[in-house]
Amino acid sequence: IKGLTEINVTLNQEIEFYIEASDAENDTVTIEIDDLPAGAMFNFSQLDNMARFVWTPVNDTNVTLEFVATDSKGDSSVLPVVINMCKCENDGECDFTEFVGDNSGAFRVVGCNCSDGYEGTFCENEIPDACADDPCFDNVTCNTTRNPFGYQCGPCPAGLTGDGENCYGKSVSL
């Protein structure tokens, strides 16, 4: 039995691959799947001894993916497939090289690189806007910072000095 031994999947995104089986004695071979995961479809073609597996993971439930090829004499072979599951939220990017928790089993959850404005293991937490309360002096640009979280004020307006949060200068009255 031949096929992928490890797959990278993303929650709610379709993956498709094929499994092939042959027998050294040219016996009739069938391919079956032990447990069909939710959101999956499996078709076996006796004509070319190929199986097509299509899966859109609908949840991050720990599943085991094993395909079994059996010949007409009852001899069988198993193809276990390791699943690397990505469940990043808020446009986070899957990092299939980094695992969250136990990575020794056949079902592994991968980490995420979060887009701006989000943090957390799966980018599930929105970063608050540190500039929402207008901490900078009037007409001074405020930028939210990460690592550490906070804000940074731009330069004081022309004619004034300070750190952007507090600006000082002489006021001239006409």
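Note that the coordinates shown come from a computational prediction; the quantities given were computed from them, not determined experimentally.

Caption draft 1: Examining the side chain of Asp71 more closely. Position of Asp71 among the secondary structure elements: in strand β6 (residues 65-71). Nearest to the buried, unbridged Asp71 among oppositely charged side chains is Lys73, at 6.1 Å. If sequence neighbours within four positions are ignored, Asp71 has contacts with Asp23, Asp27, Thr28 and Val29.

Caption draft 2: Structural view of the packing of aromatic side chains. Applying the stated criterion across every chain yields a total of 5 aromatic pairs. Between the aromatic rings of Phe53 and Phe67, the centroid separation amounts to 5.5 Å while the plane-to-plane angle is 80°, which identifies the pairing as edge-to-face. Here the residue Phe53 occupies a position in strand β5 (residues 50-55), and Phe67 occupies one in strand β6, the gap between them amounting to 14 residues. Each member of the pair, Phe53 together with Phe67, is buried. The structure contains a cluster of three or more aromatic residues connected by ring pairs, namely Phe17, Phe42, Phe53, Trp55 and Phe67.

Caption draft 3: Main features of the nonpolar core. Counting residues in each nonpolar core, the largest one holds 30 residues, and the members touching the most others are Ile7, Phe53, Trp55, Leu65 and Phe67. Of all the elements in the fold, those that place two or more residues in this core are β1 (6-10), β2 (15-20), β3 (29-33), β4 (40-45), β5, β6, β7 (76-86) and β9 (107-113). If you tally residues by element for this core, the top one is β7, at 5 residues. In this structure Ile7 touches Ile15, Phe17, Trp55, Leu65, Val81, Val82, Ile83 and Asn84, once residues within four positions along its chain are discounted. Among the nonpolar cores identified, the runner-up in size contains 5 residues, and Cys136, Cys153, Cys156 and Cys167 belong to it.

What counts, and at which threshold
- Residues numbered from 1 in each chain as written.
- Predicted model: local features only at pLDDT ≥ 70, side-chain atom pairs only at ≥ 80, totals over all residues.
- Heavy atoms only, no water.
- Helix = DSSP H or I, 4+ residues; strand = E, 2+ residues; numbered from the N terminus.
- Buried < 20%, exposed > 50% of the residue type's maximum accessible area, 1.4 Å probe, protein only.
- Lys, Arg positive; Asp, Glu negative; His and termini not counted.
- Salt bridge = Lys/Arg side-chain N within 4 Å of Asp/Glu carboxyl O.
- Contact = heavy atoms within 4.5 Å.
- Phe/Tyr/Trp six-rings, centres within 6.5 Å; stacked < 30°, edge-to-face > 60°.
- Core = buried A, V, L, I, M, F, W, Y, C linked by side-chain atoms within 4.5 Å.

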